[in-house]
Amino acid sequence: MRDLGAGFGHLLKGQRWVARHGRSYGFGLVPGLITLVLYLGVLVALALWGDDFVGWVTPFADDWSSPWLGLFRGFLTAVLFALALLLAVLTFTAVTLLVGQPFYEALSERVDRDVSPDGTAPESGLPLWRELWISGRDSLRIVVRAALWGVLLFALGFIPVVGQTVVPVIGFFVTGFFLTEELTAVALQRRGVELRERLALLRSRKMLVWGFGTPLGVAFLVPFVAVFLMPGAVAGATLLARELLGEEIREGADDPSEGDTADAAVSPGPAPRH
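This one's a predicted model, so the numbers in the text were calculated from it and none came from an experiment.

## Considering the overall build of the chain
When you go through the chain residue by residue, the secondary structure sums to nine helices and zero strands. Reading the secondary structure of the chain in the N-to-C direction produces α-α-α-α-α-α-α-α-α. Taken along its principal axes, the extent of the C-alpha atoms in the chain is 75 × 40 × 30 Å. In the chain, which comprises 274 residues, the share counted as buried stands at 42%. Long-range contacts, defined as pairs at least 24 residues apart, comprise 81% of the intrachain contacts of the chain with a sequence gap of at least 6. Taken as a whole, the chain presents about 14400 Å² of accessible surface, with 72% of it coming from carbon and sulfur. Charge centroids of the chain, computed over 22 positive and 26 negative side chains, lie 4 Å from each other.

## Concerning the side chain of Thr214
Note that Thr214 resides in helix α8 (residues 206–220). Setting aside its immediate chain neighbours within four residues, Thr214 contacts Phe172, Phe173, Gly176 and Val209.

## What about the nonpolar core?
Nonpolar side chains in soluble globular proteins generally cluster together in the buried interior. In terms of nonpolar packing, the biggest core is built from 46 residues, with Leu97, Tyr104, Leu183, Phe212 and Leu216 touching the most fellow members. For this core, the element with the most residues is helix α9 (residues 225–244), which contributes eleven residues. Those residues within four positions of Leu216 in sequence are excluded, and the remaining contacts are Leu11, Leu179, Leu183, Leu229 and Ala233.

What counts and how
- Residues numbered from 1 in each chain as written.
- Predicted model: local features only at pLDDT ≥ 70, side-chain atom pairs only at ≥ 80, totals over all residues.
- Heavy atoms only, no water.
- Helix = DSSP H or I, 4+ residues; strand = E, 2+ residues; numbered from the N terminus.
- Buried < 20%, exposed > 50% of the residue type's maximum accessible area, 1.4 Å probe, protein only.
- Contact = heavy atoms within 4.5 Å.
- Areas by Shrake-Rupley, 256 points an atom, 1.4 Å probe, with all protein chains shown as cover.
- Lys, Arg positive; Asp, Glu negative; His and termini not counted.
- Charge placed at Lys NZ, Arg CZ, Asp CG, Glu CD.
- Core = buried A, V, L, I, M, F, W, Y, C linked by side-chain atoms within 4.5 Å.

What follows is the structure in C-alpha cells.
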C-alpha cells in the first residue's frame, strides 16, 4: 500500500513541478492541443459525412425498403462514431507523446536536471529521427496490447453482476498500467531501456504504477482534461522512472518555494549536452 501512495505522490509532484515552471508548462501544452485539434477534426468529419461513408460501404442495402434501410445504416453510423471515440481515448496519449516527442523530451530532461544531485540528465545520444521511430514503434506495440485487453474486458462485461462491477475496476487498473508505460517511456527510452525491460520494470512495482496511472486514467475520462494534465504527467513520470531505477533525487527538490522566481524556456529542439 505504501507504493500505491508513493505512485500518487509522484503524480501530484509532477503537476506541482509544472505549476512552478510556467514556461515549461506552456510548451508542454502544445502537443496536446495539436492532437486535440486533429482528433476533433476527424470526429467532426465523421459526424458530417459518416452517413455517406456508411452508404458507400453498404451498396447491397440500397434496395432495402423503409424503415429497414434507415435503421441499418443509422445503426452502423452510430457504431462507427462510437468506435472512433473509443479509438481516440485509447490512442490520445500515445499520439500526443509521438507528436510532442521533442517537447516532452526537453521537459523530461529539465525535470531530471532539476532533481538530480549533480544537476545532469541522462541522454540517449540518438538523432531525433531515430528517437521518433523507436517511440512510434513502441507506442504501436502498447496500443495493440491495450486493445487486446480492451476486447477481453469488453467480452467479460457481458457476465452478469461481475461484468458490471469487477470488470470496470480491472479496466481502470489496466488503463493505468499502460498509461504509465507510455508516460515513463519518455524518460526510460532516453536511458536506453527497451520496451521489454520497461514492462518488466513496471510489473515489478505494480502498486507504484497503479498509484500513478489509475487516478490519471480516471481524470483523462473528463473531456479536454488530458491536454492540461499531460505536461505534469510527463514530469511526474520522470520522477517515477527515477524511483524505478533507484536513482537519487536531490534533497529539497520538491520544495514549493523553489522555481518560483525564474523559469528558463524549454525549447522543442535538442537539449543542451553535458
